[in-house]
Amino acid sequence: MSSDFETYEQDFATLTAEITSKIGRIPKLAGEEKTQLVLNVDKKLEEVRELLEQMDLEVREMPAQSRGMYNSRLKSYKQEMDKLEKDFKRSRIAYSDEVRNELLEGEGASSENQRAHLLDNTERLERSSRRLEAGYQIAVETEQVGQEILANLHSDREKIQRSRDRLRETDANLGKSSRILTGMLRRVIQNRILIFVLGAVILLTIVLAVYFNFRGQ
């Protein structure tokens, strides 16, 4: 396993040295020649990425006791790869003084057209900016309306909840009143029955008294 990793390390060193050399040449070129060199470097960088993936797989299959050392080495190679990619990005937009002067001389004749094009783009950007501001204002107003609606809904919900509470309280009071009335009605009926029984007893007593009085005579 370690021998394969060391072989990958040698390939990595060779590729990165070649890429570094070509990245240094990119700012000195222009046109098709620069484009071809950029494509070549991009291809080489892809090879380095694949190589790092192979190295990562090798490290994962190593014994635990030696994995830490190789992980550290792999980490440094990845950092070097990140640096190469950053240098490559900078080199693609960089020009040497000589190439920059040539480009400026070639562009002198079309500067007026470029200025007009820039002014047109500026106006478009301003119009887009105004449309964005109008859209943002509409969004803010819509949000405010939404907040007001939510506040109203919350207020209505509280009112409905209070009405429900009052209805429950009224229902409870009605139930209590109904029980009280039922008890009173029951007592009235009981009292009437008692009066009827007492009346019957009194009447029977009177009848018996009259009967025994006539009988005694």
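Owing to the predicted nature of the structure, the values given are computational and were not obtained by experimental measurement.

A. Examining a nonpolar patch on the surface more closely. A cluster of nonpolar side chains, contributed by Leu185, Ile189, Ile193, Phe196, Val197 and Val201, occupies part of the molecular surface with about 590 Å² of accessible area. Relative to the helices and strands, Ile189 is located in helix 5 (residues 111–216).

B. Focus on the packing of aromatic side chains. Scanning all chains against the criterion turns up three aromatic pairs. Judged by centre distance (4.9 Å) and plane angle (80°), the rings of Phe5 and Tyr70 are edge-to-face. Of the two residues, Phe5 is situated in helix 1 (residues 2–25) and Tyr70 in helix 3 (residues 64–93); the sequence distance between them amounts to 65 residues. Residues Phe5 and Tyr70 agree in their burial class; the two are buried.

C. Quick look at the nonpolar core. One finds Leu52 and Met55 to be the most contacted residues of the largest nonpolar core, which totals 24 residues. Among the elements that line this core, the one with the most residues is helix 2 (residues 31–60), at nine residues.

D. Seen up close, helix 3. Counted at 1.5 Å a residue, the expected span for helix 3 with its 30 residues is 44 Å, and the 44 Å between its end C-alpha atoms agrees. Residues Tyr70, Leu74, Tyr77, Met81, Leu84, Asp87, Phe88 and Ser91 constitute the buried set of helix 3.

E. Broad picture of the side chain of Thr16. When you line up the elements, Thr16 lands in helix 1. Relative accessible area serves as the criterion here: at 4%, Thr16 is assigned to the buried category. At a separation of 2.8 Å, a polar atom in the side chain of Thr16 contacts the main-chain carbonyl oxygen of Phe12. With residues near it in sequence (within four places) discarded, Thr16 still touches Glu80 and Leu84.

Rules used in this analysis
Residues numbered from 1 in each chain as written. Predicted model: local features only at pLDDT ≥ 70, side-chain atom pairs only at ≥ 80, totals over all residues. Heavy atoms only, no water. Patch = residues over 30% accessible without salt bridge, like charges linked within 9 Å, V, L, I, M, F, W, Y side chains within 5 Å. Areas by Shrake-Rupley, 256 points an atom, 1.4 Å probe, with all protein chains shown as cover. Salt bridge = Lys/Arg side-chain N within 4 Å of Asp/Glu carboxyl O. Helix = DSSP H or I, 4+ residues; strand = E, 2+ residues; numbered from the N terminus. Phe/Tyr/Trp six-rings, centres within 6.5 Å; stacked < 30°, edge-to-face > 60°. Buried < 20%, exposed > 50% of the residue type's maximum accessible area, 1.4 Å probe, protein only. Core = buried A, V, L, I, M, F, W, Y, C linked by side-chain atoms within 4.5 Å. Expected span 1.5 Å × (residues − 1). Polar contact = N/O pair within 3.5 Å; in protein donor to acceptor, adjacent residues only side chain to side chain. Contact = heavy atoms within 4.5 Å.

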